[in-house]
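Per-entry structural report
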Amino acid sequence: MAAVFEWDNEKAATNLQKHGISFLEAASVFQDPLSTTIRDPDQSADASDRHMKKPVSNETAAADEARPEYEFSGGVRGKYAERVRSGTNLVLLDPEIAEAFPDSASVNKALRGLLSSVRRTAP
């Protein structure tokens, strides 16, 4: 199963300003075979009760701070690297292009049309 990344341009701009790192750069961690993935007890949840948007509270704000120590002994090295390498081609679209092609299906359809046109004109 290929990894799928979709951006919200407003959230991307907010996160860049807040954290000083772009979504594109942050997503690159999934390509790193030397990365180590661990469960963060303050942020992790079982899939059955996982929600993408959490209500902001004082407790949530405090949990945004990193712990002084994390336990890496149970970490998984390069957990997503092969999956990303084998099935994902991450491309960041300029805003006006993203507006015209709002999802991967529309981008793929346009590129397939271009590809068939290029193939017909190739010698």
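Residues numbered from 1 in each chain as written. Predicted model: local features only at pLDDT ≥ 70, side-chain atom pairs only at ≥ 80, totals over all residues. Heavy atoms only, no water.

1. Regarding the overall build of the protein
Secondary structure assignment for the protein yields six helices and two strands. Start at the N end of the protein and walk to the C end: the helices and strands fall as α-α-β-α-β-α-α-α. Contacts in the protein between residues far apart in sequence, at least 24 positions, make up 70% of those at least 6 positions apart. (Helix = DSSP H or I, 4+ residues; strand = E, 2+ residues; numbered from the N terminus. Contact = heavy atoms within 4.5 Å.)

2. Regarding a nonpolar patch on the surface
On the surface, Leu111, Leu114 and Val118 cluster together into a nonpolar patch covering about 280 Å² of accessible area. In this structure, Val118 sits in helix H6 (residues 104-121). (Patch = residues over 30% accessible without salt bridge, like charges linked within 9 Å, V, L, I, M, F, W, Y side chains within 5 Å. Areas by Shrake-Rupley, 256 points an atom, 1.4 Å probe, with all protein chains shown as cover. Salt bridge = Lys/Arg side-chain N within 4 Å of Asp/Glu carboxyl O.)

3. Side note on the environment of Asp32
With respect to the helices and strands, the residue Asp32 is situated in the loop between helix H2 (23-27) and strand S1 (36-37). Note on Asp32: relative accessible area 32%, which makes it partly exposed. A C-alpha to C-alpha distance of 9.0 Å links Asp32 and Glu82, two positions 50 residues apart in sequence. Beyond its immediate stretch of four places on either side in the chain, Asp32 contacts Gly78 and Ala81. (Buried < 20%, exposed > 50% of the residue type's maximum accessible area, 1.4 Å probe, protein only.)

4. Thoughts on the packing of aromatic side chains
Applying the stated criterion to the full structure yields one aromatic pair. Where Phe30 meets Tyr80, the ring centres are 5.3 Å apart and the plane angle is 80 degrees; that geometry is what we call edge-to-face. Separated by 50 residues along the polypeptide, Phe30 in the loop between H2 and S1 and Tyr80 in the loop between strand S2 (76-77) and helix H4 (81-87) bring together distant segments of the chain. Note on Tyr80: relative accessible area 26%, which makes it partly exposed. (Phe/Tyr/Trp six-rings, centres within 6.5 Å; stacked < 30°, edge-to-face > 60°.)

5. Let's talk about helix H1 (residues 9-19)
Among the residues of H1, the N-terminal cap falls to Asp8, whose side-chain oxygen and the backbone nitrogen of Glu10 are separated by 3.0 Å. Where H1 ends, the next residue or the one after it, Gly20, has phi of about 75 degrees, a positive value. (Polar contact = N/O pair within 3.5 Å; in protein donor to acceptor, adjacent residues only side chain to side chain.)

6. Topic: the side chain of Asn15
Structurally, Asn15 is set in helix H1. With relative accessibility at 15%, the residue Asn15 sits in the buried group. Sequence-distant contacts of Asn15, defined by excluding residues within four places in its chain, comprise Gly20, Ile21 and Phe23.

7. So, the environment of Glu82
With respect to the helices and strands, Glu82 occurs in helix H4. Taking the relative accessible area as the measure of exposure, Glu82 reaches 49% and is therefore partly exposed.

8. Structural notes on the confidence of the model for the protein
Averaged over all residues, the pLDDT of the protein is 77; the fraction at 70 or higher stands at 73%. Looking over the protein, one finds the lowest element-wise mean pLDDT in helix H3 (residues 58-63), namely 55, and the highest in S2, namely 92. Note that residues 48-52 has pLDDT below 50 and, in this model, one contact with residues that lie over four places away or in other chains. (pLDDT = per-residue confidence, 0-100.)

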